[in-house]
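Okay, here's what each chain looks like letter by letter:
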Amino acid sequence: MRLALDQAKLAYAAGEVPVGAVVLDEQGQVIGTGFNRTIQDHDPTGHAEIVALRAAAKHARNYRLPGASLYVTLEPCTMCMGAMLHARLDRVVFGATDPKTGACGSVLSVHGIVQLNHQTKVEGGVLAEECAELLRRFFRERRTLAKAAATD
């Protein structure tokens, strides 16, 4: 999760919502990293998880990543969970919960839908406070900047 936090800090520095993700293979080797790039890439699918999955799939030369684990600083959304299920990930580990769009238990539980052709293990709350604090700081700074711009 520390590597995912490092990726989130890159997103923060780029002015993106600070979410980072890392994909590890069965042996625990990093095969893909990513951070949010929706703004800079003008891409609604540019979430950290998707960026990391694309890098891992390219590394593996296969869109399926059985045995792999993805670590992400924020609970994945429905789009990202769908991509992770398609990739046949073994496990998803996230930091902070997302009470607005979280698809691993906060709003939906996509990984628990037994009718889907693949199930992925999910673990949440790893370094949750550290992950959440980075997000809070980012949005606090955004609100402060918006207020300052409104008063100018």
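Keep in mind the model is a prediction, meaning the values are calculated, not measured. (Residues numbered from 1 in each chain as written. Predicted model: local features only at pLDDT ≥ 70, side-chain atom pairs only at ≥ 80, totals over all residues. Heavy atoms only, no water.)

Chemist: Looking at this model, I keep getting lost on the packing of aromatic side chains. Mind explaining?
Modeler: For any pair of aromatic rings, the description rests on two quantities: the centre-to-centre distance and the angle between the ring planes. Evaluation of the coordinates by the stated rule reveals 2 aromatic pairs. Each ring, one from F138 and one from F139, has its centre 5.1 Å from the other, and the planes form 85°; the classification is edge-to-face. Its relative accessible area of 6% is what places F138 among the buried residues. Taken together, the aromatic side chains of Y12, F138 and F139 make up a single cluster linked through ring pairs. The ring of Y12 has R137 sitting right over it, with the charged end atom 5.1 Å from the ring centre. (Phe/Tyr/Trp six-rings, centres within 6.5 Å; stacked < 30°, edge-to-face > 60°. Buried < 20%, exposed > 50% of the residue type's maximum accessible area, 1.4 Å probe, protein only. Lys NZ or Arg CZ within 6 Å of the ring centre and 35° of its normal.)

Chemist: Just to check I follow, could you spell out helix 5 (residues 128–151) for this structure?
Modeler: Side chains that are three or four residues apart share a direction in an α-helix, a result of its 3.6 residues per turn. Helix length check: helix 5 (24 residues) gives 35 Å between terminal C-alpha atoms against 34 Å at 1.5 Å per residue, within 8%. Of all the residues in helix 5, the buried ones are C131, A132, L134, L135 and F138. The inward-facing, buried residues of helix 5 contact helix 1 (2–13), strand 3 (69–74) and strand 4 (91–96). (Helix = DSSP H or I, 4+ residues; strand = E, 2+ residues; numbered from the N terminus. Expected span 1.5 Å × (residues − 1). Contact = heavy atoms within 4.5 Å.)

Chemist: I keep staring at the pattern of salt bridges and nothing clicks. Help me out?
Modeler: Opposite charge on two side chains lets them pair, provided their charged atoms get close. Using the criterion set out here, one finds 8 salt bridges in the structure. Taking the shortest distance from any N to any O, the salt bridge between R2 and E130 comes out at 2.7 Å. A residue pair is termed long-range when its members are at least 10 positions apart, and R2 in helix 1 and E130 in helix 5 qualify at 128 residues. Given the relative accessible area of 35%, E130 is considered partly exposed. A salt bridge links E123 to R91, with the nearest nitrogen and oxygen atoms 3.4 Å apart. Here the residue E123 occupies a position in strand 5 (residues 121–123), and R91 occupies one in strand 4, the gap between them amounting to 32 residues. According to the relative accessible area criterion, R91 is partly exposed, its value standing at 25%. (Salt bridge = Lys/Arg side-chain N within 4 Å of Asp/Glu carboxyl O.)

Chemist: What am I meant to see in the UniProt feature "binding site: Zn(2+)" (unreviewed entry) in the protein here?
Modeler: If you check UniProt for "binding site: Zn(2+)" (unreviewed entry), the listed places come out as H47, C77 and C80 in our numbering. Considering the C-alpha atoms alone, the annotated residues occupy 34 residues of sequence yet fold into one spot, their largest mutual distance being 9.3 Å. Lining of the largest pocket among the annotated residues: H47 and C77. Structurally, the position occupied by H47 is in the loop between helix 2 (38–41) and helix 3 (48–60). Classification of H47 as partly exposed rests on a relative accessible area of 23%. Among residues more than four places away in sequence, those in contact with H47 are N36, T38, C77, M79 and C80. For C77, the location among the structural elements is in the loop between strand 3 and helix 4 (78–86). (UniProt positions renumbered as here; feature names shortened; annotations may be inferred. 1 Å grid on protein atoms, 1.4 Å probe; cavity = no way out; pocket = protein on both sides within 12 Å on 5 of 7 lines; lining within 4 Å.)

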